[in-house]
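Observations on chain architecture
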Amino acid sequence: MPGFKADFLWGGAVAAHQLEGGWQEGGKGVSVADVMTAGAHGVPREITDGVLPGKNYPNHDAIDFYHRYKDDIKLFAEMGFKCFRTSIAWTRIFPKGDELEPNEAGLQFYDDLFDECLKYNIEPVITLSHFEMPYYLVTEYGGWRNRKLIDFFVRFAKTVFTRYKDKVKYWMTFNEINNQANYHEDFAPFTNSGLKYKEGEDREPVMYQAAHYELVASALAVEAGHAINPDFQIGCMIAMCPVYPLTCNPDDMMMSVSAMHRRYWFTDVHVRGYYPRHLLNYFARKGFRLDITDEDLHILKRGCVDYIGFSYYMSFATKATADNPQLDYDETKSLVKNPYVKASDWGWQIDPVGLRYSLNYFYDLYQLPLFIVENGFGAIDQKESDGSVNDQYRIEYLQSHLREMKKAVVEDGVDLMGYTPWGCIDLVSAGTGEMKKRYGFIYVDKDNEGNGTLERSRKKSFWWYQQTIKSNGENL
Ligand code: P53
């Protein structure tokens, strides 16, 4: 039976702000991640007005990858990584975001980091914007509600494409661009788009406007990237949480279709270069008048992505209700618990079959290569006195997902480029700012309050993943 391609990209994924630390080193500016405090499950991270004294900002020091990346990459190489997904902190390159000239120290840091990867034949896979845009663009420009952000982002993209054109082949533009479909909470609009809502503001059209500017910026970046190096593979990055109907009641089924429309139209625009009709009709019904020009529509067509990168952690479920005849989806109200699956300690529903479903969903719709750029199990680990961590639960989560991924490739014929599980080394949680929500194959000695030696040690899953890569998934 055929398995994964010989050049399948096994690796791991992280984001700059969640592991680098060094928040003021090498001329780095303050990012949106630098003004978010630590929260917990059910306790949102506070978004402060700038960096305030006496608050705990876990991303400032994170796991100090900025100084320790050589040792960490050596451990990734020991696991056999073929690729390593990280992001470029925009604020290392353009500290405020609107400068005309880049910061050389920041550019040099990523040159050194990519050289270190290439030394071990590890292919860098790079996200341009992963929840870490310059905070100055929020305070001075209002974040992505402002069209000017397009030019700033495209300048950033062209700068790094040109600088790293012979070192990096695989890129993605905006991490989990569709998280902001959850616009009633403060987290996603701020991390995706630098949006801080005004009191009483109608949040939804602001979100659509920001997303539109991002999609235009992404298309311009794709076009520019292909001109800089025609071998570049530039993808989108979607948070895939498929929304199932709670029952086979036709009304529940239609509610799930509506929910999928609201969460995944972003992929349509990235891949096809135009807006789906259901969304244009929705804008008309809601009376949203967005700034979408004819020139924008041409740009979207010219900048279609080469592949679909996506994260997969969990599935959702929804149902129709009598008070919602138009099937409007509101992510804070419309989701229900799926009685067929269990959940993590943070309430994330564990659904390996949902990964096979997601791969089929994307491939049936778009026939583009797919890349699973995040998947993983956030859990509390217990480090034993000899330094070991027996994370059998993590192995089980990953193994069950990989088995479904393999069925999608072998039985369903999905074209899959690679698999990079999230947080291959323990890092700061994006959603909660905690350290104790761990994903890694490598344990990092640090707690929620920032105490610890930062020492690295190999968990049981380290050896399991090493074997998985070595056998190219034959052991699953
Ligand atoms: P944490 C929500 C839903 C799915 C993925 O998340 C999400 C989020 C935001 O919390 O984020 C992605 O750290 C994101 C990573 C993040 C990872 O999933 O909240 O791309 O930056 O760390 C895991 O457990």
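Residues numbered from 1 in each chain as written. Predicted model: local features only at pLDDT ≥ 70, side-chain atom pairs only at ≥ 80, totals over all residues. Heavy atoms only, no water.

Per the UniProt record, the feature "active site" (unreviewed entry) sits at Glu374. Looking at where glutamate 374 falls in the secondary structure, it is placed in strand S12 (residues 370-374). Among all residues touching glutamate 374, those that are not within four sequence positions of it are Ala13, Arg85, His130, Asn175, Glu176, Met237, Phe310, Ser311, Tyr312, Tyr313, Thr420 and Trp422. (UniProt positions renumbered as here; feature names shortened; annotations may be inferred. Helix = DSSP H or I, 4+ residues; strand = E, 2+ residues; numbered from the N terminus. Contact = heavy atoms within 4.5 Å.)

This brings us to the side chain of asparagine 179. For asparagine 179, the location among the structural elements is in the loop between strand S4 (170-174) and helix H7 (187-193). Of note is the side chain of asparagine 179, whose polar atom sits 2.9 Å from the side chain of glutamate 176. In this structure, asparagine 179 is in contact with Phe131, Ala188, Asn192 and Ala239, ignoring residues within four places of it in sequence. (Polar contact = N/O pair within 3.5 Å; in protein donor to acceptor, adjacent residues only side chain to side chain.)

Once that is clear, we can look at the site of the ligand. Not every one of the 16 residues close to the ligand is listed here, only the nearest: Gln18, Glu374, Ala430, Lys437 and Tyr439. Summarising the interface, the protein chains cover 93% of the accessible area of the ligand, which totals 480 Å² for the free molecule. One can see that the ligand is located within the largest pocket. The residue inventory of the shell around the ligand, partitioned by class, reads eight nonpolar, five polar and three charged. (Near = heavy atom within 4 Å. Areas by Shrake-Rupley, 256 points an atom, 1.4 Å probe, with all protein chains shown as cover. 1 Å grid on protein atoms, 1.4 Å probe; cavity = no way out; pocket = protein on both sides within 12 Å on 5 of 7 lines; lining within 4 Å. Sits in = over half its atoms within 2 Å of the grid points. Nonpolar A, V, L, I, M, F, W, Y, C, P; charged D, E, K, R; others polar.)

Moving on, we come to helix H9 (residues 250-272). With 23 residues, H9 extends just 29 Å between its outermost C-alpha atoms, more than 12% less than the 33 Å of an ideal straight helix rising 1.5 Å per residue. A bend of about 55° at tyrosine 264 is the largest found in H9. The N-cap of H9, judged by a side-chain oxygen 2.8 Å from the amide nitrogen of aspartate 251 a few residues on, is asparagine 249. Within two residues after H9, glycine 273 carries a phi angle of roughly 85°, on the positive side. (Expected span 1.5 Å × (residues − 1). Bend = angle between axes of the 7 residues up to and from the residue.)

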